[in-house]
Amino acid sequence: VAFSVRQVRRALGRKLAFEEDTGRRHPTFYLKHDGKVVAVTHISHSSSGDEMSEGVLSAMARQVGVTGPIFRRAIDCTLSRDDFVRQVLDSA
Amino acid sequence: VSQNSAVVDRISVPKPSKPEQRPDPHVDLRALPDTEIDVAEYAQTDAPTGILWRDLLEALTQAVDEAARAKTERLARPSWGALVYTRDDAGCFVVQDLTGAVYGSGHTREEALADFESSLRDRFSFLREHEASLAPRLARELRVLARLFPHIV
């Protein structure tokens, strides 16, 4: 399943509660847990089209510290936020 | 038994009477005296073949200077170290560092590398600003990236 850039941005910001740092050249999203920054990722400039590249999605998953399938499930809402955060904390 | 002896005789290799001479690796060549050459004498002498020694010396000097300049330029150029390039089914190039902390993407390798550089700068500045509140993995990532890309720090 291909995701749109908008869909990824919305899932990161709304569902997964990443905060957006707009002061960078790339839109940067970070996740805080108990006052600690546990994950950071950004959306590449080349992802300005409708569809998010599979390669970019995999790279974002690595940045966050989860596997590609887990990241995809978190984006398409088949994985709960709590389960996603648990996966992130395991690698953090 | 006699047949075996004959075979052994034929394949046996006699040891050399003198051990093979090899350069002694422990000799410090820098300690040897320099040989003095009168360059001026060479420069004034034309070889019988028509080659001017001074031209040869000039060419050699120029070659050495160029090699030194090329080496200096090469060292001054930032090195990105080992990067991993991939290309997905849609033809998008993605370049990542070995740890997967930073990525850049683009329609060409050059575009992806340029995006990688600006992503790396973003990542550094973000991690630095939040250094006090980074989870252990991200704190470690900051240290590793600083070692991998010292010219960006």
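Let me begin by describing the structure that accompanies this report. The shown structure was predicted, so the numbers you read here are calculated from the model rather than taken from an experiment.

Conventions used here
- Residues numbered from 1 in each chain as written.
- Chains lettered and ligands numbered in written order.
- Predicted model: local features only at pLDDT ≥ 70, side-chain atom pairs only at ≥ 80, totals over all residues.
- Heavy atoms only, no water.
- Buried < 20%, exposed > 50% of the residue type's maximum accessible area, 1.4 Å probe, protein only.
- Helix = DSSP H or I, 4+ residues; strand = E, 2+ residues; numbered from the N terminus.
- Pairing = 2+ DSSP bridges.
- Axes fitted to C-alpha atoms, helices over the stretch in contact; angles between N-to-C directions.
- Contact = heavy atoms within 4.5 Å.

## Focus: helix α2 (residues 54-64) of chain A
All names here are of chain A.
So, step 1. In terms of burial, α2 is a largely internal element, eight of the eleven residues being buried.
So, step 2. What α2 keeps buried is the set G55, V56, L57, A59, M60, A61, Q63 and V64.
So, step 3. In the segment just after α2, G65 is the residue with positive phi, at about 95°.

## Quick notes on the sheet that holds strand β2 (residues 28-33) of chain A
Residue and element names in this part refer to chain A.
So, step 1. Taken together, the three strands give an open sheet; going across it, the order is β1-β2-β3, and neighbouring strands pair in antiparallel fashion. A single partner strand is all that each edge strand has here, and the edge strands are β1 (19-21) and β3 (36-42). With direction set aside, neighbouring strand axes in the sheet form an average angle of 30°.
So, step 2. Sheet topology places β1 next to β2; three bridges connect them, and they run antiparallel. Considered in β2, the bridge of D21 is made with T28.
So, step 3. Across the sheet, helix α4 (residues 81-91) is in contact with β2 and β3; its angle to β2 comes to roughly 90°.

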